[in-house]
Amino acid sequence: MRNRQFTSLLVWLLCNTVSIANAADKKVQITNSHALSIDGKQVFPIMLSVIPEPVAKAPNGKTAWQEFRDAGAALIRTSPPRNSDGDSRRWDDAAIARQDEYLMVAAEAGMLCAPTLNELSSIKDKASVRADRLRDFIRKFRNSPSLGVWKGADEPQWGHEAVEPLLNAYRIIKEEDPSHPVWIAQAPRGTIDDLRPYNVTYDIGGVDVYPIGYPPGNHFIDPKENKDLSAVGDYTLKMLRVVDQKKPIWLTLQVAWSGVASSRRTLRFPTFPQERFMTYEAIINGARGLVYFGGGIASTLNERDKPLGYNWTFWDRVLRPVIEEVGDKSPLAAELCAPDSKLPVKSSNASIELCVREVDHDVYVLACSRDPQKTFETKFTGLPHEVGAGDVLYEAPRTVEAKDGAFSDWFAPYDVHVYKFSRP
């Protein structure tokens, strides 16, 4: 019995020693193609924002986090809960304890956390109490095996935040933890020149774009800008210009947001075709990660979902099927991390947006129509001449036939097709 107990204790110590070593050595990096690399493995990150409690369950009985992970989501954005005043969010002792809980539950499900730094994202004086609090916060969580990225200031340009305090915070973070990137998301506001000064304050840029609502497009303030679903692609390209193609851009897409969730607004969610189009249009135009915001907003939950703390109805009908197509467990997992191909593939219709990726002997063409009204047939050219039949992923048993590097297909408004061709 004593030998058995000693062996069990030894095994436990060895396992935990390895776990601690892995946690300390774990690196989350950005590759040359702007993919996210976690301990050397590239992933196209899918993140969920506004999340249920750590102990929450999905309707199928799984923990919420396990249900998210099984679909292919890899990250969750965490933040301190609202304080007793009902408004401000601060990293007090209770919030830090909750973050510990989030990290533990995420680790059990195989997910990573993106803690929102909130008030710690801006440091006016590097010798201040707040700067010390930021250092303590980073030191406490930097070696957690379920830490993914740090979430910096939220929409700082729209909030008229000065760059220097954000840069001070960024430098402190990188001094204390060079192994995890800093991500921020801007609002769909400001010019390219307005946004560029913030480039020095983050490693991963982003923007939130919510075109679904009544009236449509009330997330945008410029009357001249595109307010249709295809604004997602426009803002992806805009943010890539902001960073001069030198940093990855993650797009934040909607489940729900204040423009549909308040008592003064009419509640509206994206449909599956709308969410799918926005997802692929962001990817096609260069997004290297996606965040889905608002699944846990209490005012948007029906009677079944309220006690569970998350919009599982939307999850089942819309979000899970989308994530299953583009998450890190999907048939596109490797393709979404690959750099853009140099193959000269193009469409005969100007409404078609596309990107091409190559993995091993396979050529993938992701294409969407940004036309909100017309249905049309278009011809694609520029594929390798040796390819023949191509699978239309997620539309089995449908295929297309390429000849001399060209094929044709039909597109409905906001339609998306994903083609896979294999070289002999």
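Residues numbered from 1 in each chain as written. Predicted model: local features only at pLDDT ≥ 70, side-chain atom pairs only at ≥ 80, totals over all residues. Heavy atoms only, no water.

**Q** Hey, could you run me through unusual backbone geometry in this one?
**A** Most peptide bonds are trans, and most residues other than glycine sit at a negative phi. With omega at -10 degrees, the peptide bond leading from tyrosine 214 into proline 215 counts as cis. Positionally, proline 215 belongs in the loop between β9 (205–208) and α7 (231–242). Residue proline 397 is bonded to the preceding alanine 396 through a cis peptide linkage, with omega at 10 degrees. Secondary-structure assignment places proline 397 in the loop between β16 (389–392) and β17 (399–401). Positive phi, normally seen in glycine, also occurs at histidine 34, with a value near 70 degrees. (Helix = DSSP H or I, 4+ residues; strand = E, 2+ residues; numbered from the N terminus.)

**Q** Help me understand the packing of helix α2 (residues 64–71) against helix α10 (residues 312–326) in this model?
**A** Two packed helices can be described by the angle between their axes and the distance between those axes. Orientation of α2 relative to α10, taken along the N-to-C sense of each, is 35 degrees, at an axis distance of 9 Å. Contact with α2, carried on its side by Ala64, Glu67, Phe68, Asp70 and Ala71, involves Trp312, Trp315, Arg320, Ile323 and Glu324 of α10 and no other residues of that element. Tallied by class, residues from the contact of α2 with α10 come to 6 nonpolar, no polar and 4 charged. (Axes fitted to C-alpha atoms, helices over the stretch in contact; angles between N-to-C directions. Contact = heavy atoms within 4.5 Å. Nonpolar A, V, L, I, M, F, W, Y, C, P; charged D, E, K, R; others polar.)

**Q** Looking at this structure, how should I read the sheet that holds strand β13 (residues 352–359)?
**A** The pairing of strands in a sheet happens through backbone hydrogen bonds and is either parallel or antiparallel. As summarised here, the arrangement of the 5 strands in space is β13-β14-β19-β16-β17, forming an open sheet in which the pairing is antiparallel. Both outer strands of the open sheet, β13 and β17, are each paired with one neighbouring strand and no more. With direction set aside, neighbouring strand axes in the sheet form an average angle of 25 degrees. The pairing of strand β14 (residues 362–369) with strand β19 (residues 416–422) spans 7 bridges and is antiparallel. Bridge pairing links leucine 366 to valine 418 in β19. (Pairing = 2+ DSSP bridges.)

**Q** I'm lost on the pattern of salt bridges in this one. Help?
**A** Opposite charge on two side chains lets them pair, provided their charged atoms get close. Tallying each qualifying case throughout the model produces 30 salt bridges. Where arginine 133 meets glutamate 119, a salt bridge forms, and the shortest distance between an N and an O atom there is 2.9 Å. Residue arginine 133 is found in helix α4 (residues 129–141), and its partner glutamate 119 is found in the loop between β6 (112–115) and α4; the two are separated by 14 residues along the sequence. Notably, a salt bridge pairs arginine 398 with glutamate 395, separated by 3.0 Å at the nearest N-O pair. We classify arginine 398 as partly exposed; its relative accessible area is 29%. By relative accessible area, glutamate 395 is classed as partly exposed at 24%. Residues joined in a network through salt bridges with shared partners are Lys126, Arg135, Arg139, Arg142, Glu175 and Glu176. (Salt bridge = Lys/Arg side-chain N within 4 Å of Asp/Glu carboxyl O. Buried < 20%, exposed > 50% of the residue type's maximum accessible area, 1.4 Å probe, protein only.)

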